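Single-letter residue listing:
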Amino acid sequence: MTERKIVDGKGSFCPGPLMELIVALKHSQIGDELEVLSTDKGSANDIPEWVRRVGHDYVSTTENDGVWHIVVRKTK
Amino acid sequence: MVGQKICVVVISGTLERLQAAAMVASVAAVSGQEVLVFLSMNALPHFVKGATAEAPHEGPMGDLIIAKKVPEFKMLFEQAIELGGARLYPCSMAMDVLEVGSEQLEDYLEEATGLTRLLTEVQDGQVWTF
């Protein structure tokens, strides 16, 4: 059963939210979705690039009231 | 290109350069690149046991890094090791000048390394200097 986990990186700066995502990925199952919350626009741009670079699935990015929601699916 | 080796040479002891070096090392390491970090000159004293992540800064960005919730450079280097397998080497010359032994340096550092080995290790990779 896949699930979506929230990775709360609000208030941190690059590469803090990315590092928090990587820790969360290590504790997740293949197929799980992780939703990173970030107030750092640089991380919102950089996390999808990292995801494509290492081969996970990038699902979406949305922004709401200054918080970016970056959704990633673990593939390996 | 994922997989290419990089060597991050850190000789500055200022916050901005230590921060930038730690960012490059950590993101490269967690992106699948082999990362070596060589700590020398004014960078090395920050890795003596008990040293904090406080460092003199060069300009206004240093003030902002301290004031805001930016990940500390020492924590980023540790994450580079734990999450990406980076290796941090203390410069043997800097250790001699500082008069510190391996046991006085942070436990996550590798063995003392000289320039000959460093040059051999990096001949097939990129070198980033801070």
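About the thresholds
- Residues numbered from 1 in each chain as written.
- Chains lettered and ligands numbered in written order.
- Predicted model: local features only at pLDDT ≥ 70, side-chain atom pairs only at ≥ 80, totals over all residues.
- Heavy atoms only, no water.
- Helix = DSSP H or I, 4+ residues; strand = E, 2+ residues; numbered from the N terminus.
- Rg over C-alpha atoms; globule rule 2.2 N^0.38 Å.
- Contact = heavy atoms within 4.5 Å.
- Lys, Arg positive; Asp, Glu negative; His and termini not counted.
- Charge placed at Lys NZ, Arg CZ, Asp CG, Glu CD.
- Buried area = accessible area lost by both parts, 1.4 Å probe.
- Salt bridge = Lys/Arg side-chain N within 4 Å of Asp/Glu carboxyl O.
- Polar contact = N/O pair within 3.5 Å; in protein donor to acceptor, adjacent residues only side chain to side chain.
- Nonpolar A, V, L, I, M, F, W, Y, C, P; charged D, E, K, R; others polar.
- pLDDT = per-residue confidence, 0-100.

1. Notes on the overall build of chain A
Working step 1: From N to C terminus, chain A includes 2 helices and 4 strands.
Working step 2: Element order for chain A, N to C, with α for helix and β for strand: β-α-β-α-β-β.
Working step 3: A compact globule built from 76 residues would reach a C-alpha radius of gyration of about 11 Å, and chain A, at 11 Å, matches this within 12%.
Working step 4: Here the contacts in chain A between residues at least 6 apart in sequence split such that 62% fall between residues at least 24 apart.
Working step 5: Seen as two clouds, the 10 positive and the 12 negative side-chain charges of chain A have centres 6 Å apart.

2. Focus: the interface of chain B and chain A
Working step 1: At the interface, 15 residues of chain B touch 15 residues of chain A.
Working step 2: Taken together, the two surfaces of chain B and chain A that pack against each other cover about 1,300 Å², and 69% of this comes from carbon and sulfur.
Working step 3: Broken down residue by residue, the surface that chain B buries against chain A is led by Val30, Lys69 and Leu83 of chain B, which jointly contribute 38%.
Working step 4: Here chain B is connected to chain A by 0 salt bridges.
Working step 5: Across the contact surface, chain B and chain A share 3 residue pairs in polar contact (both at pLDDT 80 or more).
Working step 6: Breaking the side of chain B that touches chain A down by element, the ones donating at least two residues are helix 1 (15–30) and helix 3 (73–84) of chain B.
Working step 7: A total of 4 residues in the side of chain B that touches chain A trace back to one element, the largest contributor, which is helix 1 of chain B.
Working step 8: Split by residue class, the side of chain B that touches chain A holds 9 nonpolar, 4 polar and 2 charged.

3. Concerning the confidence of the model for chain B
Working step 1: For chain B, per-residue confidence averages 94 on the pLDDT scale, and 98% of positions sit at 70 or higher.
Working step 2: Of all helices and strands in chain B, the one with the weakest mean pLDDT is helix 5 (residues 115–121) of chain B (90), whereas strand 2 (residues 35–39) of chain B scores best (98).

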